Amino acid sequence: MRQAHLAVTQHTTADGVHVASLAGQIDHTTAPIFRQALTTDDGSPRHTVIDFHDVTFMDSSGINVLVAANNAARADGGWLRLARTPARVLDLLHIVGLDDIIPLYSTLDGALAAQNAA
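Everything numeric in this text was worked out from a predicted model, so none of it was measured.

Definitions and limits used
Residues numbered from 1 in each chain as written. Predicted model: local features only at pLDDT ≥ 70, side-chain atom pairs only at ≥ 80, totals over all residues. Heavy atoms only, no water. Pairing = 2+ DSSP bridges. Helix = DSSP H or I, 4+ residues; strand = E, 2+ residues; numbered from the N terminus. Contact = heavy atoms within 4.5 Å. Axes fitted to C-alpha atoms, helices over the stretch in contact; angles between N-to-C directions. Right-handed = clockwise from strand over helix to strand, strands pointing away. Salt bridge = Lys/Arg side-chain N within 4 Å of Asp/Glu carboxyl O. Buried < 20%, exposed > 50% of the residue type's maximum accessible area, 1.4 Å probe, protein only. Phe/Tyr/Trp six-rings, centres within 6.5 Å; stacked < 30°, edge-to-face > 60°. Lys NZ or Arg CZ within 6 Å of the ring centre and 35° of its normal. Polar contact = N/O pair within 3.5 Å; in protein donor to acceptor, adjacent residues only side chain to side chain.

Colleague: Which residues make up the sheet that holds strand β3 (residues 47-58), and what are the values?
Modeller: Reading across from one edge, β1-β2-β3-β4-β5 is the order of the 5 strands in this open sheet, with mixed pairing throughout. A strand with exactly one partner marks an edge of an open sheet, and here the two such strands are β1 (6-12) and β5 (104-105). Examined bridge by bridge, β3 and strand β4 (residues 79-83) share 5 bridges and lie parallel to one another. The residue of β4 that forms the bridge with Val49 is Arg81. Helix α3 (residues 87-96) rests against β3, β4 and β5 of the sheet, and its axis sits at about 115 degrees to β3.

Take a look at the structure:
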């Protein structure tokens, strides 16, 4: 059996938005990597956009990370947004109802522009 791989590239915009771009698979073996990418070191509220463009698979482990990250961000006055979510992942988000809770954007620029309008 082949183990899943998840690569994370991160940067912070001039406006202080944390952008995490993911590539690979999100499952129980890679969920800790995903979780760490969404955790602040200093406990400050985080405004985060997750770019899912290169995610090929996500299971309930990824859903659990998203729910926890969204709850933590909102509790601290931050927010979480998802960008460029592939159909396979989008279907999963729809099934569990997260598409009604976490804003989804078809482009990374759209998710970042929405932050400026908020």
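What follows continues from the structure just given.
Colleague: How would you summarise the pairing of β3 if you had to cite specific residues and measurements?
Modeller: Pairing geometry for strand β2 (residues 18-26) and β3, over 8 bridges, is parallel. Across the sheet, Ala23 pairs through a bridge with Asp54, a residue of β3. Handedness of the crossover is the feature at issue here: the chain leaves β3, passes through helix α2 (residues 60-75), returns alongside β4, and the resulting connection is right-handed.

Colleague: Which residues make up the pattern of salt bridges, and what values go with them?
Modeller: For the coordinates displayed, the defined rule picks out 1 salt bridge. For the salt bridge of Asp51 with Arg84, the shortest nitrogen-to-oxygen distance reads 2.9 Å. With Asp51 in strand β3 and Arg84 in the loop between β4 and α3, this residue pair connects regions lying 33 residues apart in the sequence. According to the relative accessible area criterion, Asp51 is buried, its value standing at 4%. With relative accessibility at 32%, the residue Arg84 sits in the partly exposed group.

Colleague: Could you give an account of the packing of aromatic side chains, with specific residues and numbers?
Modeller: A full pass over the atoms with the stated rule returns 1 aromatic pair. Measuring from centroid to centroid gives 6.2 Å for Phe34 and Phe52, while their planes differ by 80 degrees, and the two rings are edge-to-face. Note that Phe34 is positioned in helix α1 (residues 31-37) and Phe52 in strand β3, a separation of 18 residues in sequence. The exposure class assigned to Phe52 is buried, which follows from its relative accessible area of 0%. Positioned over the ring face of Trp79 is Arg81, at 3.8 Å from the centre of the ring.

Colleague: Any details on the side chain of Arg46? Residues and values, ideally.
Modeller: One can find Arg46 in the loop between α1 and β3. For Arg46, the side chain forms a polar contact with the main-chain oxygen of Ala37, separated by 3.3 Å. If we ignore the near neighbours within four places in the chain, the residues touching Arg46 are His18, Ala37, Leu38, Thr39, Thr40, Ala73, Gly78 and Trp79.

Colleague: Help me get a handle on the pairing of β2, residues and values and all.
Modeller: Bridge count for β1 against β2 is 7 bridges, and the pairing is antiparallel. Each bridged residue has a counterpart across the sheet, and for Thr9 the counterpart in β2 is Ser21. Once β1 ends, the chain turns through 5 residues before running back antiparallel as β2, passing Gly16 with a positive phi of about 85 degrees.

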